[in-house]
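Below are the chains, spelled out letter by letter.
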Amino acid sequence: MNLRVCLGLLLPALALCSCTSGKLTVPKVCYQSLRTDFAQPTSIPPEAKIAVEYFFNKDGKMQPVVYNLTSEILILDQTKSFVIMPGGKSVSYYDPNTYTTTTGDFHSETSSASFNLGAIAGILGLGGPLGSLMGATTLGSATTDGVYRQNSVAITDQPLVHIGPKGSVAMSKAYEIAGVGFLGAYLPNVIDSNPKNAELQFSVCVTYSLDDGNTFEKLVTKFYVSSNINQPVVNKKVSKAFYEIYAKKPDALAENMYMFLLPNDIKEETLDVMGEFITHDNIYDNCVRGSLIDYQ
């Protein structure tokens, strides 16, 4: 994926949308990259027991997918798995309550990863219910995409999730990380910060067992926003804002996880199809690429 491809995906689509949505306003182009506090590996050693792949979308939602790399049954303890939010608040992946949801979506795309792990085929709903997962396939290009309807769906969590040998499962929630995605438009500009001085940091703890629950281990992954650039659009020249970002960060497209975002004034449309309301977000105003992986 190069800069011309990103421009080719975003700009014509915005131009088309502007034909039917009134006067189009794109005040800025935003770029954001996320990293872990360790260098992303190029391969996973054969002795690894567990791997977790983290997908992010334009709205800042993070969806972890857990892979059991062993020939044993892996027990994922969601009661002891949690996210430490940027402000320090701890949020558990297990919620004993039952909720009813009517809306939600998730979209993320990954490329250039080299792990033979598999990827999400669909994640439906806001924090669940979960869609189907693809089986093991080399990660060269994978997309997660959810579409939602007004039909009510009950959501319940399982405290313990069993993952079969060489299997995988998406965790029960896609938590929104404040400051990631479009919310990053309100963060100060920074380029290539490090884990010690990063403006926005958060972490995830995944607790699991491989001996039928007798003992549990923790895989803690720390994340941070390494670059956040909000480039104003001058004289309606959106493409020039892209090139300004690329000039400031020449390796923008080499990050393991990055996104280009175009804030705009285009409105979503909700249609009534045979008594069911379907929300169509026909706005291609973001380019999200990559994922982040940790293992133990």
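Each remark here, short or long, concerns the structure printed above.
Notes on the structure in this doc start here. (Residues numbered from 1 in each chain as written. Predicted model: local features only at pLDDT ≥ 70, side-chain atom pairs only at ≥ 80, totals over all residues. Heavy atoms only, no water.)

### Side note on helix α2 (residues 238–248)
Piece 1. Turning to α2, its buried residues are Val238, Ala241, Phe242 and Ile245. For α2, the arc enclosing every buried residue in end-on projection is 105°, short of the 170-degree limit, so these residues lie on one face. (Buried < 20%, exposed > 50% of the residue type's maximum accessible area, 1.4 Å probe, protein only. Helix = DSSP H or I, 4+ residues; strand = E, 2+ residues; numbered from the N terminus. Arc of directions from axis to C-beta.)

### Points about the nonpolar core
Piece 1. The biggest cluster of nonpolar side chains holds 35 residues, and the ones touching the most others in it are Leu34, Phe56, Met62, Val180 and Phe202.
Piece 2. Secondary structure elements with two or more residues in this core: β1 (28–36), β2 (50–56), β3 (61–68), β4 (74–84), β10 (160–163), β13 (201–209), β14 (217–232) and β15 (257–261). (Core = buried A, V, L, I, M, F, W, Y, C linked by side-chain atoms within 4.5 Å.)

### Section: the pattern of salt bridges
Two side chains that carry opposite charge are able to pair once their charged atoms sit near each other.
Piece 1. All chains considered together, the criterion is met by eight salt bridges.
Piece 2. One salt bridge connects aspartate 192 with lysine 249, and the closest N-O pair in it is separated by 2.6 Å. Of this pair, aspartate 192 sits in the loop between β12 (175–176) and β13 while lysine 249 sits in the loop between α2 and β15; the two residues are 57 residues apart in sequence, bridging distant segments of the chain.
Piece 3. On the accessibility criterion, aspartate 192 (39% relative accessible area) is partly exposed.
Piece 4. When its relative accessible area of 1% is taken as the criterion, lysine 249 is described as buried.
Piece 5. Each of Arg35, Asp192, Lys249, Asp251 and Glu255 takes part in a single network of salt bridges with overlapping partners. (Salt bridge = Lys/Arg side-chain N within 4 Å of Asp/Glu carboxyl O.)

### A short note on the pairing of β10
Residues in a regular strand point their side chains to alternate faces of the sheet.
Piece 1. A one-sided burial pattern is seen for β10, the buried positions being Val161 and Ile163 and the unburied ones Leu160 and His162.
Piece 2. Examined bridge by bridge, β4 and β10 share four bridges and lie antiparallel to one another. Bridging across to β10, isoleucine 75 finds its partner in histidine 162. (Pairing = 2+ DSSP bridges.)

### Looking at the pairing of β15
Piece 1. With respect to burial, β15 is a largely interior element, five of its five residues being buried.
Piece 2. Burial along β15 is two-sided: Met257, Met259 and Leu261 and Tyr258 and Phe260, pointing in opposite directions, are all buried.
Piece 3. Bridge analysis of β1 against β15 gives four bridges, and the strand direction is antiparallel. Residue tyrosine 31 lies in a different strand from β15, and its bridge partner there is phenylalanine 260.

### With respect to the side chain of glutamate 255
Piece 1. Positionally, glutamate 255 belongs in the loop between α2 and β15.
Piece 2. With relative accessibility at 9%, the residue glutamate 255 sits in the buried group.
Piece 3. Of the polar contacts made by the side chain of glutamate 255, one reaches the side chain of arginine 35; its length is 2.7 Å.
Piece 4. Sequence-distant contacts of glutamate 255, that is, excluding residues within four places in its chain, are made with Tyr31, Ser33, Arg35, Asp192, Ser226 and Lys249. (Polar contact = N/O pair within 3.5 Å; in protein donor to acceptor, adjacent residues only side chain to side chain. Contact = heavy atoms within 4.5 Å.)

### Here's the deal with unusual backbone geometry
Piece 1. Positive phi outside glycine occurs at lysine 166, with the angle close to 60°.
Piece 2. Assignment of secondary structure puts lysine 166 in the loop between β10 and β11 (168–170).
Piece 3. At aspartate 212, a position not held by glycine, the phi torsion is positive, near 65°.
Piece 4. You can see aspartate 212 is positioned in the loop between β13 and β14.
Piece 5. Exposure remark for aspartate 212: the relative accessible area of 66% places this residue in the exposed category.

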